[in-house]
Amino acid sequence: MSVDRGNDIKQGPVSDPSGWVDKHGDYLYRYALMRVRNREAAENLVQETFLAALTARQSFTGRSTERTWMVGILKHKMIDTYRKSFREKSISEIQTDEEQTVDSFYDAAGNPGKYPKDWLPDPEKLLHSKEFWEILKDCMSRLPQRTAAAFSMRELDDLDTAQICKELSISPTNLWVILHRARLQLRECLERNWFEKKEDNV
Amino acid sequence: MSNWEEETKGPLITSCKQAARLVSIAMERRLTIRENCTMHIHLWMCRTCALYRRQIGILRKALTRHAEVLDNTPPSRCECLDANAKQRIKEVLTKSR
């Protein structure tokens, strides 16, 4: 759970909804933008979150900050979106797709088609590079929607296998294939778009 | 061949493809003793897969701290909701009250 460093740290009932957009809009937008494919989708999620918060504002207990409470609502909305993307295709189709993608990274003997370049940056430096996050986001949006959804739940939201499988109605095996594919693709995309161009800087 | 369940048989010497799969599974559950041996024997011999493992480890490390990045980004550097969208959302909120 993230630590709220916004200006809203006092406890108690919700603040006046007319100030929500200015107070929390940018934060929720950035939160959503990392997890959905485009600006419009992120904007819509923010709007839906505020509307849901408006309806549920009586139930806000003040046990968390207002922002944390809103992020919680946004997370639920995200999971609904993720579920939808999983319902569009059968699990066996997904599994076949994922296995085929994994196969495409290797030759018949199981050797990699392309060998990774030797980049090993300091993770601390990556965190502070705006460009890194932009490229990572771009790479994530190139993943199939379902792959990106499962990967976001696992790596960004830090949900465990059991939780993700329950939300998406898939088996642990399904999930692990999906995550493996996501890692192969993201690593390759990052190498191509960032590290190869930045070799001197990392 | 590509068995995602626990692997009780199978050779201890394995391909890069299988080793990378084990590296990924190891991030999700505890490997069996046999799987663990298979992975480590391969990583010991294969620089490529050892590198792969460290790279996806870095990726995980960066991503788990994304929330922190959001909290610490100064407004001048952030990607913000644009003014039109803000206005639109404000109007929708006012109408719904």
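Residues numbered from 1 in each chain as written. Chains lettered and ligands numbered in written order. Predicted model: local features only at pLDDT ≥ 70, side-chain atom pairs only at ≥ 80, totals over all residues.

Peer 1: Quick question: what am I supposed to make of the overall build of chain A here?
Peer 2: Counting its secondary structure elements, chain A contains nine helices and zero strands. Going from N to C terminus, chain A has its helices and strands arranged as α-α-α-α-α-α-α-α-α. Taking the principal axes of its C-alpha atoms as reference, chain A extends roughly 60 × 45 × 25 Å. Within the span of chain A, comprising 202 residues, buried residues form 35% of the whole. Long-range contacts, defined here as pairs at least 24 residues apart, represent 71% of the contacts in chain A between residues at least 6 apart. (Helix = DSSP H or I, 4+ residues; strand = E, 2+ residues; numbered from the N terminus. Buried ≥ 20, exposed ≤ 12 C-beta atoms within 10 Å, placed from the backbone. Contact = placed C-beta atoms within 7 Å.)

Peer 1: Can you walk me through the overall build of chain B in this structure?
Peer 2: Scanning chain B for helices and strands turns up five helices and zero strands. For chain B, the α and β elements follow one another from N to C terminus as α-α-α-α-α. Expressed as a percentage of its 97 residues, the buried residues of chain B come to 30%. A fraction of 62% describes how many contacts in chain B between residues 6 or more apart in sequence connect residues 24 or more apart.

Peer 1: Looking at this structure, how should I read the interface of chain A and chain B?
Peer 2: Accessible area lost upon the coming together of the parts is a frequently used measure of interface size. Each partner contributes residues to the interface: chain A has 48 residues there, and chain B has 45 residues. Among the secondary structure elements, those contributing two or more residues to the side of chain A that touches chain B are helix 1 (20-33), helix 2 (39-55), helix 5 (123-127), helix 6 (130-141), helix 7 (145-156) and helix 9 (172-198) of chain A. Take the side of chain A that touches chain B: its biggest share by element is nine residues, from helix 1 of chain A. Here the side of chain A that touches chain B is composed, by residue class, of 29 nonpolar, eight polar and 11 charged. (Nonpolar A, V, L, I, M, F, W, Y, C, P; charged D, E, K, R; others polar.)

Peer 1: What is the right way to read the nonpolar core from this model?
Peer 2: Side chains of a nonpolar character, in soluble globular proteins, are inclined to be buried together. Residues and elements named next belong to chain A. Ranked by size, the top nonpolar core spans 63 residues in total, and within it Leu-28, Tyr-31, Ala-32, Val-46, Leu-74 and Ala-150 carry the most contacts. With 10 residues, the top contributor of residues to this core is helix 9. Built from parts of two domains, this core gets at least three residues from each of domain 1 (17-85) and domain 2 (89-198). Once residues lying within four places of it in the same chain are set aside, the contact partners of Leu-74 are Leu-28, Tyr-31, Ala-32, Leu-45 and Thr-49. (Core = buried A, V, L, I, M, F, W, Y, C linked by C-beta atoms within 7 Å. Domains from an automatic or database assignment.)

Peer 1: What is the right way to read the confidence of the model for chain A from this model?
Peer 2: The predicted coordinates should not be examined in detail at positions where pLDDT is low. Confidence along chain A averages 84 in pLDDT terms, with 92% of residues attaining 70 or more. Of the regions scoring below 50 in pLDDT, residues 1-11 of chain A engages in 19 contacts with residues more than four places distant in sequence or in other chains. (pLDDT = per-residue confidence, 0-100.)

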